[in-house]
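Geometric and topological summary
For reference, the chains in residue letters:
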Amino acid sequence: MPKDRIEAETVADAYLALLARRGIDYLFANAGTDFASIIEAFAKAKAMGRKVPEPVLVPHENVAVAMAHGYYMMTGRMQAVMVHVGPGTANSLNGIMNASRQRVPILMTAGRTPINESGVEGARNNFIHWAQEHFDQAGMIREFVKWDYELRNANQLETVVDRAIALARTEPRGPVYLSLPREVMSQPLNGFSFTSPSRRGFGTMPGPTADQVERAASILAKAERPLIIAQGAARLAASATAIGEFAARFAIPIVEFRTNVNAVSTEHPMLVGFNPLPHLREADAVLCLEADTPWIPTQHGNPPDDAKVIQLGVDPLFQRIPIRSFPCDVAVIGTPALALPLIAKAMEGQAKREVIEARRARIAKGKESGRAELRTNLERASKESPINPVWAAHCISEAKGDDAIVVNEYSLILRYVQFKEPRTCFGPPGAGGLGVGVGSAIGAKLANPSKTVIAVLGDGSYMFGNPTAGHYVLSALQLPVLFIIFNNGMWEEVEGSALRVFPDGHAARANRVPVAQLGPNPHYEHLMAVYGGYGERVDRPDQLPGALQRALHAVRIEKRQALINLIVGRRGAAP
Ligand SMILES: Cc1ncc(C[n+]2csc(CCOP(=O)(O)OP(=O)(O)O)c2C)c(N)n1
């Protein structure tokens, strides 16, 4: 077995060096007394030129997790987060739930308060060390991680780190949790030997059986009105390419319903929109790609009873969701990248060319008439005050440029925005834990310093994202991101959900719907003065194009963060 030996005087030295050797670029960290030997190890590594992950201080745990999330979505490279014992773990939970449901691997770690009250290196020396002890620290996070463990001694360091990383990266991917007791991390070592490269089977990938492929191919080849619903499918770059090719080859329309990341360009001839309606009701076969919620029965209805439904994904039944009963006539196990080319091959000769070409023509015609409707809506929206979110979406689309990456939590109305490339528009994770937008935009920028990154956030989502922590990190790393806040002074989604349940109730008649209004309306743009960024408030529709140019100039040319506080009307009123 090839071995490598590195210099290390403590377990913390060896731990950080091993993370770097196993491909971890960053440790997004929110530190406390548990970090003593980690801090010492980072300082020593810098002084002695040892290779360790880059430490990034992130002053809120949820932002740290979202940064790891955004970085992975862009690069496919998993990162590590370390937080302060139990309280830090508690603060990170929202982000971990998002990552877990979106299959984002993260090495989530936390210190452990010392168990020894005296007598050993690292023993308790602060009053918090008593009250911070848990019976089961991982218990609070266990439901949303694939594996959890506590490092017991130096001897098992390589095994534990490799197992954590291998399991996080094995499909279905997701976060893992490792607690690192202070005494163990400060134990002395005299150098550290480990297997290099690792032999622990990083990132296994499940694939479909021949029977699954044949049954799916037979359904899709016979269908006259098949439909693809893409959702979490393009989290892997190779899957995005496979979806685009498969749909184009067999002329199957794609609906990107609540996609976590866009699978295809908005110019793709088979992209028919973002809403399962009306396509779902007319379909005779539905291919759901990594879709935990391919449609919402109470909103969209269901496909016709005799339509066949194929659920394709690494875990097509989403075993960790307690109740989920979408039809599944065939479950195909695998990523779209792996499974779609196999299904395409099996469809060859079965699918009738004339049926495919007739469908292609019908879809092109439908798209053309849809575009005319959008133009009419846009024309009307362009003059409205407060600014109509339709007009805002259009202006952002015009200004952003083809290279931009947009993180949308979740105010941007996608049918008014052009994305030339797949995987350039990131949507909110299915778990809906608000606050992911600020941090994942920072993670995306860290992964792609040369690209323009734009975070489009509701005023509610912005505040959930711990913006002061996020702006601080950007200024510390000298990374410019443009934030566009759709400021409607409310939680429209919360209001809407109450009124949909009680359409004729008291809340519907109230001037201000309780627990859904955010007034008085703050001047979020002033926050930029604190962080050396560029801030602007926009009240009128005609001001927006100019404001976007100025803000983009700030991020692209002046290299400072920017924020547009956009005073918008309700999105619900938008066509
Ligand atoms: C952590 C968390 N808390 C609460 C919610 C419930 N919630 C869903 S949408 C929403 C309002 C978001 O407001 P905003 O971003 O301004 O968008 P708007 O609905 O006004 O368009 C809230 C509070 C949530 N999803 N996540």
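Residues numbered from 1 in each chain as written. Predicted model: local features only at pLDDT ≥ 70, side-chain atom pairs only at ≥ 80, totals over all residues. Heavy atoms only, no water.

1. Some thoughts on the overall build of the chain
The number of helices and strands found in the chain is 21 helices and 20 strands. Expressed along its principal axes, the backbone C-alpha trace of the chain runs to roughly 75 × 60 × 50 Å. Per-residue burial over the chain gives 57% buried out of 575 residues. Considering only contacts within the chain whose residues lie at least 6 apart along the sequence, 77% involve residues at least 24 apart. (Helix = DSSP H or I, 4+ residues; strand = E, 2+ residues; numbered from the N terminus. Buried < 20%, exposed > 50% of the residue type's maximum accessible area, 1.4 Å probe, protein only. Contact = heavy atoms within 4.5 Å.)

2. Overview of the packing of aromatic side chains
The tally for this structure, following the rule as stated, stands at 9 aromatic pairs. An angle of 75° between the planes, with centres 5.4 Å apart, marks the rings of Tyr26 and Tyr71 as edge-to-face. With Tyr26 in strand E2 (residues 26–29) and Tyr71 in helix H3 (residues 61–75), this residue pair connects regions lying 45 residues apart in the sequence. Tyr26 gets classed as buried once you look at its relative accessible area, which sits at 17%. When the ring of Phe192 is compared with that of Phe194, the centres are 5.8 Å apart and the planes differ by 20°; the resulting orientation is stacked. Residue Phe192 shares its accessibility class with Phe194, and that shared class is buried. An aromatic cluster is defined as three or more aromatic residues linked by ring pairs; in this entry it consists of Tyr26, Phe28 and Tyr71. Directly above the aromatic system of Trp130 lies the positively charged group of Arg124, at a separation of 5.2 Å from the ring centroid. (Phe/Tyr/Trp six-rings, centres within 6.5 Å; stacked < 30°, edge-to-face > 60°. Lys NZ or Arg CZ within 6 Å of the ring centre and 35° of its normal.)

3. A closer look at the nonpolar core
Counting residues in hydrophobic clusters, the biggest one holds 90 residues, and the most contacted among them are Phe28, Phe246 and Ile343. Tallying contributions element by element places H3 first for this core, with 9 residues. Contact partners of Ile343, with chain neighbours within four places excluded, come to Val213, Ala216, Ala217, Leu220, Phe246, Leu312 and Val332. (Core = buried A, V, L, I, M, F, W, Y, C linked by side-chain atoms within 4.5 Å.)

4. Observations concerning the pairing of strand E5 (residues 106–112)
The buried count for E5 comes to 7 of 7 residues, which makes it a mostly enclosed element. As judged from the 5 bridges shared by strand E4 (residues 79–83) and E5, these two strands associate in the parallel manner. Residue pairing across strands places Val83 opposite Ala110, the latter belonging to E5. The parallel pair E4 and E5, bridged by helix H4 (residues 85–101), forms a crossover whose chirality is right-handed. Pairing analysis gives 6 bridges linking E5 to strand E7 (residues 176–181), with the strands arranged parallel. Paired with Thr109 across the two strands is Leu178, which belongs to E7. (Pairing = 2+ DSSP bridges. Right-handed = clockwise from strand over helix to strand, strands pointing away.)

5. Here's the deal with unusual backbone geometry
Cis geometry is adopted by the peptide bond preceding Pro172, which originates at Glu171 and carries an omega value of -10°. Here Gly519 and Pro520 are connected by a cis peptide whose omega angle stands at -5°. Inspection of the secondary structure puts Pro520 in the loop between helix H19 (506–509) and helix H20 (527–531). Within the chain, Glu290 stands out as a residue other than glycine whose phi angle is a positive 45°. Within the secondary structure, Glu290 is located in the loop between strand E12 (285–289) and helix H11 (297–300). In the Ramachandran plot, Asn466 falls in the positive-phi region, its phi being about 50° despite a non-glycine side chain. One can find Asn466 in the loop between helix H16 (459–464) and helix H17 (467–477).

6. Comments concerning the state of the cysteines
Under the counting rule described, the total for this entry stands at 0 disulfides. Here Cys395 is not cross-linked by a disulfide; its sulfur's nearest cysteine counterpart is in Cys425, at 17 Å. (Disulfide = S-S within 2.5 Å.)

7. A closer look at the sheet that holds strand E10 (residues 254–255)
As summarised here, the arrangement of the 6 strands in space is E11-E10-E9-E12-E13-E14, forming an open sheet in which the pairing is parallel. Taken across any chain shown, the strands that pair with only one partner, and hence form the sheet edges, are strand E11 (271–273) and strand E14 (330–333). The strands that helix H8 (residues 210–222) touches are strand E9 (226–230), E12, strand E13 (308–313) and E14; relative to E14, the one it contacts most, it runs at about 125°. (Axes fitted to C-alpha atoms, helices over the stretch in contact; angles between N-to-C directions.)

8. Description of helix H12 (residues 336–347)
If you check H12, its first and last C-alpha atoms are 15 Å apart, about what 12 residues at 1.5 Å a residue would give, namely 16 Å. Those residues of H12 not exposed but buried are Pro336, Ala339, Leu340, Ile343, Ala344 and Met347. All buried residues of H12 project into a common sector of 135° when viewed along the axis, lining one side. Buried residues along H12 sit against H8, helix H9 (237–250), E12, E13 and E14. Trailing H12 by a residue or two, Gly349 shows a phi angle of about 85°, which is positive. (Expected span 1.5 Å × (residues − 1). Arc of directions from axis to C-beta.)

9. A word on the site of the ligand
In the vicinity of the ligand lie 16 residues, with Tyr410, Gly460, Ser461, Glu492 and Arg571 positioned nearest. Between the ligand and the protein, one listed contact pairs a nitrogen atom with a backbone N or O atom of Leu434 at 3.1 Å. The contact in question runs from an oxygen atom of the ligand to an N or O atom on the side chain of Asn488, over 2.9 Å. In isolation the ligand offers 580 Å² of accessible surface; the protein chains occlude 78% of this area. Looking at the shell around the ligand, the elements with two or more residues in it are H16 and helix H18 (492–501). At 4 residues, the largest contribution of residues to the shell around the ligand is made by H16. (Near = heavy atom within 4 Å. Polar contact = N/O pair within 3.5 Å; in protein donor to acceptor, adjacent residues only side chain to side chain. Areas by Shrake-Rupley, 256 points an atom, 1.4 Å probe, with all protein chains shown as cover.)

10. Considerations on the sheet that holds strand E16 (residues 425–426)
Strand pairs in the sheet, formed through backbone hydrogen bonds, run parallel or antiparallel to each other. With respect to topology, 6 strands assemble into an open sheet ordered E16-E15-E17-E18-E20-E19, the strand pairing being parallel. Across the chains shown, the open sheet's two edge strands, defined by having one partner strand only, are E16 and strand E19 (534–538). Note: strand E15 (residues 405–409) against E16, 2 bridges, orientation parallel. Note on E16: the bridge partner recorded for Val406 is Cys425. Sheet contacts for helix H14 (residues 389–400): E15, strand E17 (453–458), strand E18 (482–487) and strand E20 (562–567); angle to E18, the most-contacted strand, approximately 170°.

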